[in-house]
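Spelled out, the chains give:
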Amino acid sequence: MGIPAKKIDLFAGLALALLLASPVVGAQTTDQAWLKYLPVAKPREVPLHVHALGNSQIEQGAAAELDRGLKGLAGDRAPADVQGAIILGTSLEFRKAERHAAGLPQLAAEEFVIQWAGAVPHRDLEIVGGSDGGVLYGAFTLLRILATGSDVPATGLREAPAIPIRWTDEWDNPDGSIERGYAGRSIFFENGHVRQDLAPVGEYARLLASVGINGCDVNNVNAAAVLLEPEMLKELARIADAMRQWGVRMALSVDLASPQKIGGLATYDPLDPAVKKWWAGKADEIYALIPDFAGFTVKADSEGQPGPASFGRSPADAANTLAAALAPHGGVVMYRAFVYNHHLDWRDPKADRARAAYDIFHPLDGSLAPNVVVQIKYGPIDFQVREPVSPLFGGLEKTNEAMEVQVTQEYTGQQRHLVYLAPMWKETLDFDMRARDRATPVKDLISGKTFHRSLGGMVAVTCVGQDAWLGSPLATANLYAFGRLAWDPDLSAERIAAEWARQTLSSDPVVVNTVVKMLMQSWPAYEDYTGPLGLQTLTDITGSHYGPNVEASERNGWGQWHRADHEGVGMDRTVATGTGFAGQYPPEAAKIYESRKTCPDDLLLFFHHVPYTYRLHDGKTVIQYLYDSHYAGAERAEDFVREWDALKGRIDDRIFAETRARLVYQAGDAIVWRDAVVQYFLKMSGVPDDKGRAGHYPGRLEAEDARLDGYKVIDVNPWEDASGGKAVACELQENNALHGPGEGDGLQPVRWQGGKNAVLAAEGVFLRSNDFPQGLKPLSLGSFDVRAKARTPPLAGKSSRPGKAGAGETGHCSAEWIYSGEAGRFDIAAQYFDLQGGVAEFKLDVNGRPVASWAANANLPTRRPHGDNSTRYTACGVDLKPGDTIRVEGTPDGSDPAALDYIQVLRDWPACSD
Ligand code: GCV
């Protein structure tokens with residue numbers, strides 16, 4: 001082996017470890033997101049003097065924001081010699097000041113006008129709001145216009161939000177944890193109380209206001225009743241105080257059983273007079289402390305939450321009881337339509353969770369109070385990477401509705417993957433439901449426009465935390481996009497991405513174009529390598545919702561089935577032969593989904609069960625599409641790293657490095673996904689990949705085929721999450737976590753059966769079967785010719801060296817391969833499992849010379865080896881020649897057994913390209 005000519009990618013490894021390790025927590029500022037006011041190349045000529053006509057906290061805050069923003073945008077340039085001032089105020093204040101006393105239009109509360117008054121050289125720029133909230137939105141709009149290099153049109157502009165309720169929902173618990181949060185601990189709560197330091201809450205509200213968000217529900221919908229206790233309400237009032245200046249009203253999620261749990265009543269039956277009285281009293285108590293309290297969010301009769309069904313009452317009974325309590329104060333009830341039975345009978349071909357929301361809420365249309373809004377997830381299942389639009393949006397004509405989306409990327413990569421969701425939300429908002437056979441896009445249904453409702457909303461489950469809001473710098477694009485779309489659903493996802501990139505990263509066109517392209521391709525790429533054709537995210541639905549686990553959704557009561565068998569795949573949801581879900585759409589849309597011929601390919605398997613050989617609209621078979629899309633998606637993820645590299649030196653170094661480390665991780669994880677799903681469907685269908693890729697991994701050397709010292713071969717569960725289903729783990733002799741209660745299910749030692757490849761060949765997985773004899777086993781692997789040393793002696797639940805089972809006295813295990821490919825300089829990727837519960841360490845050497853070492857200290861889900869925590873370290877630019885010995889040494893720690901899946905000899909791994 002020669003000296004590595006390129007330095008090993010230690011920096012990338014370190015950066016990844018830092019990023020995926022426990023969050024680094026520092027002061028939280030809005031410039032960790034888009035509110036940076038970076039100097040613009042050509043500042044527009046606007047007056048720099050700012051004058052507010054009114055004294056309200058909101059208006060004064062708007063003036064201060066303008067002041068701060070204008071200074072930032074100007075940078076260190078001398079201010080332009082512009083006379084006049086920016087004047088802001090409500091229309092009432094403008095009239096009082098006798099400015100345009102007659103000429104001002106009637107403005108709705110959140111509406112604003114920005115207009116020039118007077119003539120050059122002395123002209124004022126006026127921001128007139130329908131209320132001080134309108135003034136604030138006008139100020140932020142002016143700053144956005146300037147920050148994105150645009151101009152206030154000579155004729156001025158007038159804007160009002162399309163959708164009245166624009167809230168985030170935070171799923172924070174009183175102890176400071178956050179359900180489905182991927183950015184550290186709560187900014188609102190810790191140790192059962194509201195946090196003392198609420199400065200981050202004020203900054204968060206400022207961020208929200210800058211994109212027009214006007215409400216924030218601060219606690220988990222799996223709600224803790226204790227939050228409604230009098231002492232807690234006083235603490236919560238401090239949160240409302242911290243957000244008020246930014247026009248963001250606080251809301252709370254409530255547990256419907258509260259009257260019984262904390263109120264001392266014998267029941268929580270919503271029709272019981274004492275229960276009604278309790279809620280009315282509670283609302284009075286809240287409003288006495290928080291006069292602008294926005295309302296309640298309710299999750300009931302769902303996933304174990306208490307609800308009206310326990311008393312034979314309907315959601316309308318419960319919602320109306322709360323609505324009556326809030327109505328005198330102007331509050332609303334956001335009643336979630338996420339009500340379903342999670343004990344469905346998998347064997348019943350008519351059972352279908354997708355039907356639940358419509359089946360339950362459509363019959364209630366017209367029976368809900370005017371201040372109730374039914375909050376409907378965008379799809380009928382649960383935030384999957386692709387779902388059809390929920391038919392319930394078209395099924396309520398006399399009821400207010402809101403659409404619920406997720407900024408927190410629960411099923412879409414948990415912020416470790418770049419997935420810009422605005423294109424998905426746009427598709428949903430623009431979907432024409434054809435209610436009453438006319439154009440009824442979802443955006444007009446939820447705004448209230450179509451059926452003349454007074455209320456409507458768009459809500460994002462956001463789950464910000466103390467780690468720079470959303471953990472990943474690029475993930476803030478989703479929060480930005482949510483606010484912008486809720487304000488104006490006609491905006492395009494590209495335009496929003498460009499606005500965000502300019503404000504967050506740089507106005508350099510290279511940066512903006514690159515980032516917009518990456519953002520726009522990120523959702524399709526993620527869909528391609530996780531769950532295309534309407535399969536939904538093929539993840540572990542009963543666990544972390546992160547890594548691949550194709551069968552986790554099958555054979556249980558949760559109803560996220562895709563019904564893959566040896567013949568075909570997909571849920572039959574047709575009216576003719578299936579669950580009838582397609583019939584919940586208005587007739588025109590129903591007809592499109594009912595037929596395989598007209599159903600869009602990207603939803604085919606959501607609506608239909610088809611053979612693997614079924615041909616899509618372009619003639620490709622379903623199975624070939626599954627292979628191709630997974631390879632294409634994973635390649636796209638690799639390209640993201642290359643594209644990002646072009647931004648080095650053009651953006652902030654820290655954001656560059658952090659994001660690069662995430663993208664490198666994502667490129668590796670996309671391969672884990674690709675291989676898992678492709679292996680699974682290859683085995684299930686028995687249909688080979690036309691392009692010969694599935695089941696073939698050129699340059700890959702499996703750990704279970706190596707000469708092992710101390711390491712034991714284990715079955716990984718689910719099998720598809722490891723290359724060929726197996727890996728090796730290093731057992732500590734003491735504190736043996738491999739067999740600890742609940743932890744050992746993925747780690748049973750297996751018997752030697754002639755080599756993994758032979759086993760898989762027998763199962764029809766590998767096309768080139770080989771029953772490898774002991775000793776060297778040649779594999780023809782494309783441009784590489786790799787010989788891996790088979791294990792000697794055969795394993796029978798023991799380590800390869802008698803007397804040295806597990807880590808032994810040395811404290812480590814090793815796997816060794818003889819390289820037999822061509823000579824040259826390569827990158828070597830080590831695919832290992834980075835488990836919670838310890839920080840295992842690894843070393844890679846070639847012919848005894850150290851090449852790399854790294855620690856498994858990322859913060860990835862779960863405590864047993866599988867797709868959640870399968871990750872890679874890549875040593876770049878390593879010289880290899882035939883006969884070289886490549887060795888990986890793993891040192892377990894705690895319950896992390898330094899498990900290893902394979903190493904792969906590669907060329908041009910993008911992590912190594914800079
Ligand atoms: C708050 C999904 C999530 C749950 C969440 C639920 C909901 O099932 O996995 O964590 O619960 O949705 O939206 O209520």
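The paragraphs below set out a description of the structure included in this document. Computed from a prediction, not measured in an experiment: that's the story for all the values here.

Looking now at the state of the cysteines. Summed over the entire model, instances satisfying the criterion amount to 2 disulfides. Two residues, Cys730 and Cys813, share a disulfide whose sulfurs are 2.0 Å apart. Taking the torsion about the sulfur-sulfur bond, which here is approximately 70°, the covalent link between Cys730 and Cys813 counts as right-handed. One end of the pair, Cys730, is in strand 21 (residues 726–730); the other, Cys813, is in strand 24 (residues 813–818), and 83 residues separate them in sequence. Described in terms of the sequence order of its bonded cysteines, the disulfide pattern of the chain is 1-2, 3-4.

Note that side chains of opposite charge can pair when their charged atoms are close. Scanning the model with the defined rule gives 60 salt bridges in all. Across the pair Lys282 and Glu285 runs a salt bridge, and its minimum N-O distance is 3.0 Å. Here Lys282 and its partner Glu285 are both found in helix 8 (residues 273–289), 3 residues apart, which amounts to about one turn of the helix. Here Lys282 falls in the buried class, since its relative accessible area comes to 6%.

So, about the packing of aromatic side chains. Applying the stated rule across the entire model yields 31 aromatic pairs. Between the aromatic rings of Trp34 and Tyr480, the centroid separation amounts to 5.2 Å while the plane-to-plane angle is 75°, which identifies the pairing as edge-to-face. You can see Trp34 sitting in the loop between helix 1 (10–20) and strand 1 (49–52) and its partner Tyr480 sitting in helix 13 (residues 476–487), a full 446 residues away along the chain. This pair shows no difference in class: Trp34 is buried, exactly as Tyr480 is. Through successive ring pairs, a cluster of aromatic residues spans Phe431, Phe581, Tyr585, Tyr593, Phe606 and Phe607. Here the basic side chain of Arg700 rests over the ring of Tyr902, its NZ or CZ set 3.8 Å away from the ring centre.

Moving on, we get to the site of the ligand. Near the ligand you find 14 residues, and of these Glu179, Lys299, Arg336, Lys377 and Glu410 are the closest. Contact distances for the ligand include 2.5 Å between an oxygen atom and a side-chain N or O atom of Glu410. Notes on the ligand: free accessible area 340 Å², of which the protein chains cover 97%. Of the residues belonging to the shell around the ligand, the class tally is 3 nonpolar, 3 polar and 8 charged.

What follows concerns the packing of helix 4 (residues 132–147) against helix 5 (residues 199–210). Contact geometry of helix 4 with helix 5 gives a least axis separation of 9 Å together with a crossing angle of 75°. Between helix 4 and helix 5, the interaxial angle falls into the category roughly perpendicular. Across the interface between the two elements, Leu136, Tyr137, Phe140 and Arg144 from helix 4 touch Arg206, Ala209 and Ser210 from helix 5.

Before going further, it helps to spend a moment on helix 9 (residues 315–326). Between its first and last C-alpha atoms helix 9 spans 17 Å; for 12 residues at 1.5 Å apiece the expected length is 16 Å, and the two agree. For helix 9, the buried fraction is high: 9 of the 12 residues fall into the buried class. The set of residues buried in helix 9 consists of Pro315, Ala316, Ala318, Ala319, Thr321, Leu322, Ala323, Ala325 and Leu326. Elements that come into contact with the buried residues of helix 9 comprise strand 10 (249–254), helix 8, strand 11 (295–298), strand 12 (332–336), helix 10 (356–361) and strand 13 (372–377). Between the side-chain oxygen at the start of helix 9 and the backbone nitrogen of Ala316 there is a gap of 3.1 Å, and the oxygen is on Ser314.

In spatial order, the strands read 19-24-29-26-27; together these 5 strands make up an open sheet with antiparallel pairing. Either end of the sheet is taken by a strand with one partner, and the two such strands are strand 19 (707–709) and strand 27 (849–855). Adjacent strand axes in the sheet meet at a mean angle of 15°, parallel and antiparallel pairs treated alike.

Through backbone hydrogen bonds, the strands of a sheet pair up, either in parallel or in antiparallel fashion. Spatially, 6-9-10-11-12-13-14-15 is the arrangement adopted by the 8 strands of the closed barrel, whose pairing is parallel. Neighbour-to-neighbour, the strand axes of this sheet turn through a mean angle of 25°, independent of strand direction. Pairing between strand 6 (residues 165–169) and strand 9 (residues 215–217): 3 bridges, direction parallel. Within the sheet, the bridge partner assigned to Thr168 lies in strand 9 and is Cys216.

The next subject is the pairing of strand 25 (residues 824–833). For strand 25, the buried fraction is high: 8 of the 10 residues fall into the buried class. Note: strand 25 against strand 28 (residues 870–880), 9 bridges, orientation antiparallel. Residue Tyr832 lies in a different strand from strand 28, and its bridge partner there is Thr871. Where strand 25 lies against strand 30 (residues 900–906), 6 bridges are found, and the strand directions are antiparallel. Across the sheet, residue Ile828 finds its bridge partner in strand 30, namely Val905.

Parameters and conventions
- Residues numbered from 1 in each chain as written.
- Predicted model: local features only at pLDDT ≥ 70, side-chain atom pairs only at ≥ 80, totals over all residues.
- Heavy atoms only, no water.
- Disulfide = S-S within 2.5 Å.
- Helix = DSSP H or I, 4+ residues; strand = E, 2+ residues; numbered from the N terminus.
- Salt bridge = Lys/Arg side-chain N within 4 Å of Asp/Glu carboxyl O.
- Buried < 20%, exposed > 50% of the residue type's maximum accessible area, 1.4 Å probe, protein only.
- Phe/Tyr/Trp six-rings, centres within 6.5 Å; stacked < 30°, edge-to-face > 60°.
- Lys NZ or Arg CZ within 6 Å of the ring centre and 35° of its normal.
- Near = heavy atom within 4 Å.
- Polar contact = N/O pair within 3.5 Å; in protein donor to acceptor, adjacent residues only side chain to side chain.
- Areas by Shrake-Rupley, 256 points an atom, 1.4 Å probe, with all protein chains shown as cover.
- Nonpolar A, V, L, I, M, F, W, Y, C, P; charged D, E, K, R; others polar.
- Axes fitted to C-alpha atoms, helices over the stretch in contact; angles between N-to-C directions.
- Parallel < 35°, antiparallel > 145°, perpendicular 65-115°, else oblique.
- Contact = heavy atoms within 4.5 Å.
- Expected span 1.5 Å × (residues − 1).
- Pairing = 2+ DSSP bridges.

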